[in-house]
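Chain by chain, the residues:
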Amino acid sequence: MKRRGAARALRLTVAGLLSVAPLCADTHLLVVAGVGGEEAYTGRFHLWSTRVVDAAIAGGLAPENVVYLGEREDFDPERINGRSIGENVLAEIAALAERSSAGDDVWIILFGHGSGAAGPPRFNLPGRDLVADEYAAALEQLAGRRVVFINASSASGGFIGPLSKEGRVVITATKSGGQSNESLFGGFLAEAFDGDAGDANKDGRTSALEAFAFAQREIERYYRQNGLLRTENALLDDDGDGMGSPEPVGVEASEATDGRLASLLYLGQEAQPSTLTAEARELADRRAGIQRRIDELRLQRETLDEEVYLSELQELMVELALVDRELEEMAAGDEEPEP
């Protein structure tokens, strides 16, 4: 056990860090459909993209926080916000930095083809492709945000190393640039977010980890049932070491490597009835903020003195319980019959 003086100092430091966490962070989404090359692929990538876009909005994301760049703007003018050329992709990432704030969650999802066996790993776009290092440089503008970057293209494994960073989830459809065959991972990923399929714990939201795990299971099932040799092996990295894991674990694992941060990031918000009063909505937002601070504390558990960790957790749990009691009392008051 560390000395009490040192433990108290560390406790105050952690309390200070947690106190600046936003009470109600926003989530932002950028979906990019790359060049299909053939009409069938163009249609497929568009379908996957719109499933994610529609699911995100249905799950509570504000429409103005969702941007979809497609190969052809005329393919779906109501949904597509611009053409997915490299300049537009980089401009939208810069715009995300302007629209979002420190503490917000930013999701970037790429559906399409890629290459990486010869030359730097790249995602195929109409016109000039963008390579992994260009995406890595663009993401630096999102410092202070929690970023989920998903490259669901073939030969995407080479994106893990350049993009890996603390506070960032990087998911690729393959383990290397050499896995260049057609990838099905994106379709299963879109399915995970669309409806209840990927919501393993049935809390009404799908985390990055849940979506990854669902897509991995469905890929394995598809190749097994069709008697095919598996040609794509997805990876997830969220501990900043540049080494993706095919089977990441969640935040509660005692020896977690990858998967802890991904288990806390959701493409959607906790559902709130539209009939909530302004006071009730404020309490609900406050509750979400406290829960987020609890999640952030749990991520730091292995680096904290146990006494400090338990003390901070207890304080946050008490704070959460008090808010829950206020919400319950408010709900009980609403149910009382009029005289």
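In this text the structure is predicted, and so the values were computed from the model without any measurement.

Undergrad: I'm lost on the overall build of the protein in this one. Help?
TA: Helix and strand counts for the protein stand at nine helices and ten strands. When each of the 339 residues of the protein is scored for burial, the buried share is 48%. Surface exposure of the protein reaches about 16100 Å², of which carbon and sulfur atoms provide 50%.

Undergrad: I tried to follow the pattern of salt bridges on my own but got confused; where do I start?
TA: Opposite charge on two side chains allows them to pair when their charged atoms are near. Per the counting criterion, the structure on display carries 14 salt bridges. Close ionic contact of Glu220 with Arg224 constitutes a salt bridge, the shortest N to O distance being 3.7 Å. With Glu220 and Arg224 both in helix α7 (residues 208-225) and four residues apart, this pair spans about one turn of that helix. For Glu220, a relative accessible area of 35% puts it in the partly exposed group.

Undergrad: What's the story with the sheet that holds strand β1 (residues 27-33) in this structure? I'm lost.
TA: The strands that make up a sheet are held in pairs by hydrogen bonds between backbone atoms, and each pair lies either parallel or antiparallel. Here we have seven strands laid out as an open sheet, ordered β3-β2-β1-β4-β8-β9-β10, and mixed in their pairing. With partners counted over all chains shown, the strands left at the sheet margins are β3 (82-83) and β10 (235-237), one partner each. In this structure, strand β9 (residues 168-172) lies alongside β10, joined through three bridges in antiparallel fashion. Paired with Thr172 across the strands is Leu235, a residue of β10.

Undergrad: What am I meant to see in the side chain of Ser154 here?
TA: Its place among the elements puts Ser154 in the loop between β8 (146-151) and α5 (160-163). Among the polar contacts listed, one links the side chain of Ser154 to the backbone nitrogen of Gly114, at a separation of 3.2 Å. With residues up to four places along the chain from it excluded, the contact list for Ser154 reads Gly112, His113, Gly114, Ser115, Thr174, Gln179, Ser180, Asn181 and Ser183.

Undergrad: Can you help me understand the packing of aromatic side chains in this one?
TA: Applying the stated criterion across every chain yields a total of nine aromatic pairs. Residues Trp48 and Phe111 carry aromatic rings whose centres are separated by 6.0 Å and whose planes lie at 65 degrees to one another, so their mutual orientation is edge-to-face. In this pair, Trp48 sits in helix α2 (residues 39-58) while Phe111 sits in strand β4 (residues 105-111), placing the two residues 63 residues apart along the sequence. Looking at Trp48, the relative accessible area reads 9%, which means it is buried. For the ring pair Phe149 and Phe159, a centre distance of 6.2 Å and an interplane angle of 15 degrees mean the geometry is stacked.

Basis of the calculations
- Residues numbered from 1 in each chain as written.
- Predicted model: local features only at pLDDT ≥ 70, side-chain atom pairs only at ≥ 80, totals over all residues.
- Heavy atoms only, no water.
- Helix = DSSP H or I, 4+ residues; strand = E, 2+ residues; numbered from the N terminus.
- Buried < 20%, exposed > 50% of the residue type's maximum accessible area, 1.4 Å probe, protein only.
- Areas by Shrake-Rupley, 256 points an atom, 1.4 Å probe, with all protein chains shown as cover.
- Salt bridge = Lys/Arg side-chain N within 4 Å of Asp/Glu carboxyl O.
- Pairing = 2+ DSSP bridges.
- Polar contact = N/O pair within 3.5 Å; in protein donor to acceptor, adjacent residues only side chain to side chain.
- Contact = heavy atoms within 4.5 Å.
- Phe/Tyr/Trp six-rings, centres within 6.5 Å; stacked < 30°, edge-to-face > 60°.

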